[in-house]
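# Architecture and fold: a report
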Amino acid sequence: MSFFNSIFGNSENTDSPQSKVNWTELTDIHQLMEIETISNEKPVVIFKHSTRCSISRMALKQFEREFDLNNVVDAYFLDLIAHRDISNEIADRFNVYHESPQLILIKNGKAVYNVSHSDIDAEALKSKV
């Protein structure tokens, strides 16, 4: 496995030196209420990531390298393999179709923008914030 990790990176490590994102891990379903509340004052992004998917890993790394909105949005990271219940609740609560990887922007308690796979782009997110 270490051979693959050296080529593709370890999918369990979300806080690499290249990351510019101040992630808050989304590990409890009650945090979704917190996200709704925060989003009334400041936009919130949720990145849904599958630790088993190389495409998800690639999208995450690219997003982390380009991201420069730490003072503008709060960023939450969801390992949807470990927390599928939260992923399902996000789909229901914010009325978005589940995808992975997926980036969702929440403003005033509502999903106002969501993209997946190669459409995840930190620059595009700027225009939506």
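Scope of this entry: the structure provided in the associated data block. (Residues numbered from 1 in each chain as written. Predicted model: local features only at pLDDT ≥ 70, side-chain atom pairs only at ≥ 80, totals over all residues. Heavy atoms only, no water.)

### Looking at the overall build of the chain
The number of helices and strands found in the chain is five helices and five strands. Of the regular secondary structure in the chain, the N- to C-terminal order runs α-β-α-β-α-β-α-β-β-α. Relative to its full complement of 129 residues, the chain shows a buried share of 44%. The contacts in the chain between residues at least 6 apart in sequence include a share of 69% that link residues at least 24 apart. (Helix = DSSP H or I, 4+ residues; strand = E, 2+ residues; numbered from the N terminus. Buried < 20%, exposed > 50% of the residue type's maximum accessible area, 1.4 Å probe, protein only. Contact = heavy atoms within 4.5 Å.)

### Looking at the packing of helix 2 (residues 31–38) against helix 4 (residues 84–93)
A pair of packed helices is captured by two measures, namely the crossing angle of their axes and the spacing between those axes. Two elements in contact, helix 2 and helix 4, have axes whose closest approach is 11 Å; the angle formed by their N-to-C orientations is 40°. Relative to helix 4, helix 2 is oriented oblique. The hand of the helix 2/helix 4 crossing is right-handed. Contacts from Leu 32, Met 33 and Glu 36 of helix 2 reach helix 4 at Ile 86, Glu 89, Ile 90 and Arg 93. Of the residues in the contact of helix 2 with helix 4, the class split is four nonpolar, no polar and three charged. (Axes fitted to C-alpha atoms, helices over the stretch in contact; angles between N-to-C directions. Parallel < 35°, antiparallel > 145°, perpendicular 65-115°, else oblique. Left-handed = near helix turned anticlockwise from the far one by under 90°. Nonpolar A, V, L, I, M, F, W, Y, C, P; charged D, E, K, R; others polar.)

### Here we look at the sheet that holds strand 5 (residues 110–116)
Spatially, the five strands line up as an open sheet ordered 1-3-2-4-5, and their pairing is mixed. Edge positions in the sheet fall to strand 1 (23–25) and strand 5, since each has one partner strand and no second. Ignoring strand direction, the axes of neighbouring strands in this sheet form an average angle of 25°. Pairing geometry for strand 2 (residues 44–49) and strand 4 (residues 102–107), over five bridges, is antiparallel. Paired with Val 45 across the strands is Leu 105, a residue of strand 4. Contacts from helix 3 (residues 54–66) reach strand 1, strand 2, strand 3 (74–79) and strand 4, with the element oriented near 150° to strand 2. (Pairing = 2+ DSSP bridges.)

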